[in-house]
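# Structural overview for review
What follows is each chain in one-letter form.
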Amino acid sequence: MVDETARKRFKPSDSIQMITCQGPVNIAVIKYWGKRYERLILPLNSSLSVTLDKKELHSITTVAACENFSEDCLWLNGRKHNVAEMPRIQKCLSRIRELSQDENFKNSKGLELRGRHVHICSENNFPTAAGLASSAAGYSCLVFALSRLFQIDGDLSTIARQGSGSACRSMYGGFVEWEKGEKDDGSDSIAKQIATEDHWLGLRVLILVVNEHKKGTSSTEGMRRSVETSDLLKFRSELCVPKRMEVMKKAISERDFKTFAETTMKESNQLHAVCQDTYPPITPPYMNQTSHGIVQLVTQYNNFYHEPKVAYTFDAGPNAFLFLMENDIAEVLALIRHFFPPETDAGFVQGIEIYPQATISKSLLESITIEPTQGAVKYIISTKAGSGPSELGQEYSLLDENGLPKSCETVIPQSNFP
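Just so we're clear, the structure is a prediction, and the values are computed from it rather than from any experiment.

## Section: the overall build of the protein
- In terms of helices and strands, the protein carries 11 helices and 17 strands.
- When burial is assessed residue by residue, the protein has 58% of its 418 residues classed as buried.
- Here the protein displays about 18000 Å² of accessible surface, and carbon together with sulfur accounts for 48% of that area.

In structure tokens form, the structure reads like this:
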């Protein structure tokens, strides 16, 4: 909560500098799971993701610097957090400040803000800590906003990576590769765009939100345990992923949905197999009964057409990400409505409008053997590939003219900065 008495006592300054930015979520199709070096967040294997459109899923962050600020401050969930207890936030701030003084990046703005404390306020428009990549959106947005504030150019993915590994992929739009790198200092563990967001215009994404609550085991803890105990993880990182990275990049380049879909589902399956190969197994498992029902629905739908028309993928949570082509989206939505009917139709499908409504043929319906479960899918987000972080106008600022939060209320149910 913001102390309103403190707000009144705070002295505004003409020297306050403020930037507001918006950052995207990304969903990995070649998974990142496990670190070879925890402190620098260096991954065991390379990964590849699709950045999603910010219109449907985003983090908004405002950063401000002023000579009157007495300390670095961070507001999340409507209350002030102690930056001194958040080492990943400190790493991002420190690296940006270092670059602002570096001879290769030095600029008048960096010199002007030297020594000044910053205020940060962040919120996002989707559930956090439930396997929807909230930390990726949060840290990519933070690093991008700080770079704008301090006027830092160049690759920022190595900085975002030290906040949250997958955040480095959200620094770019479209299809993004995170190279694991080989150097001990992590300088070659960077993200790069392999195709723009408009490369594959017919590709669409449906996010089936099964559970908005915080997951039982954090991704950080789950990865640590897997690295320590899973033989399958070692086999995966050394043998499986390098081959799949090349297969996936070729599939994206050629817009080969069949190969893209098959590889995406194999990757998702293997990630969750690693979680079960971890000792003791990650419990409760990230995927729940509804998650497995969605896998069965997609599998039987693809079997009916004798080709992969939908690909599922799950990260560290029960919520399903479905990739499919635009021509199939109405029929797939009709199937989801039939087998996972909503408790209320209001707000069940959000994001990009899906039309016209499709009817399901009798033969297709009879080929699906799962039982309908009402309310198991809370809502659906319809989206597509999108661009990387962007700067917003001052009218979107989360901080007032004094650099304090405009409101004590926020849409974030949990912190998006671990």
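## So, unusual backbone geometry
- Cis rather than trans, the peptide bond between Tyr-279 and Pro-280 has omega equal to -10 degrees.
- Each neighbour pair has its own omega, and for Tyr-355 with Pro-356 the value is -5 degrees, a cis peptide bond.
- By secondary structure assignment, the location of Pro-356 is in the loop between β15 (349–351) and α11 (362–367).
- A positive phi angle, close to 55 degrees, is found at Arg-255, a residue other than glycine.
- Take Arg-255: it is sitting in the loop between α7 (231–254) and α8 (257–277).
- Of note in this structure, His-306 is not a glycine but carries a positive phi near 60 degrees.

## A word on the pairing of strand β1 (residues 17–24)
- Counting buried positions over the 8 residues of β1 gives 7, a clear majority of the element.
- Pairing between β1 and strand β6 (residues 58–66): 8 bridges, direction antiparallel. Opposite Cys-21, over in β6, you have Thr-61 as the bridge partner.
- The pairing of β1 with strand β17 (residues 390–392) spans 3 bridges and is classified as antiparallel. Bridge pairing links Cys-21 to Glu-391 in β17.

## Some words on the sheet that holds β1
- The strand order β8-β7-β9-β6-β1-β17 describes an open sheet built from 6 strands, whose pairing is mixed. Since the sheet does not close on itself, it has two edges, and those belong to β8 (79–81) and β17, each with one partner. Neighbour-to-neighbour, the strand axes of the sheet open up by a mean angle of 30 degrees, direction not taken into account.
- Helix-sheet contacts for helix α4 (residues 134–150) involve β1, β6, β9 (117–124) and β17, and the interaxial angle to β1 is about 145 degrees.

## Description of the packing of α7 against α8
- Between α7 and α8, whose axes approach to 10 Å, the crossing angle comes to 165 degrees. Taken together, the axis directions place α7 and α8 in an arrangement best described as roughly antiparallel. Regarding α7 and α8, the two cross each other, and that crossing is left-handed. Contacts from Asp-231, Leu-232, Leu-233, Arg-236, Cys-240, Val-241, Arg-244, Val-247, Met-248, Ala-251 and Ile-252 of α7 reach α8 at Thr-259, Phe-260, Thr-263, Thr-264, Lys-266, Glu-267, Gln-270, Ala-273, Val-274 and Asp-277.
- Looking at the contact of α7 with α8, its residues break down into 11 nonpolar, 4 polar and 6 charged.

So, how was this worked out
- Residues numbered from 1 in each chain as written.
- Predicted model: local features only at pLDDT ≥ 70, side-chain atom pairs only at ≥ 80, totals over all residues.
- Heavy atoms only, no water.
- Helix = DSSP H or I, 4+ residues; strand = E, 2+ residues; numbered from the N terminus.
- Buried < 20%, exposed > 50% of the residue type's maximum accessible area, 1.4 Å probe, protein only.
- Areas by Shrake-Rupley, 256 points an atom, 1.4 Å probe, with all protein chains shown as cover.
- Pairing = 2+ DSSP bridges.
- Axes fitted to C-alpha atoms, helices over the stretch in contact; angles between N-to-C directions.
- Contact = heavy atoms within 4.5 Å.
- Parallel < 35°, antiparallel > 145°, perpendicular 65-115°, else oblique.
- Left-handed = near helix turned anticlockwise from the far one by under 90°.
- Nonpolar A, V, L, I, M, F, W, Y, C, P; charged D, E, K, R; others polar.

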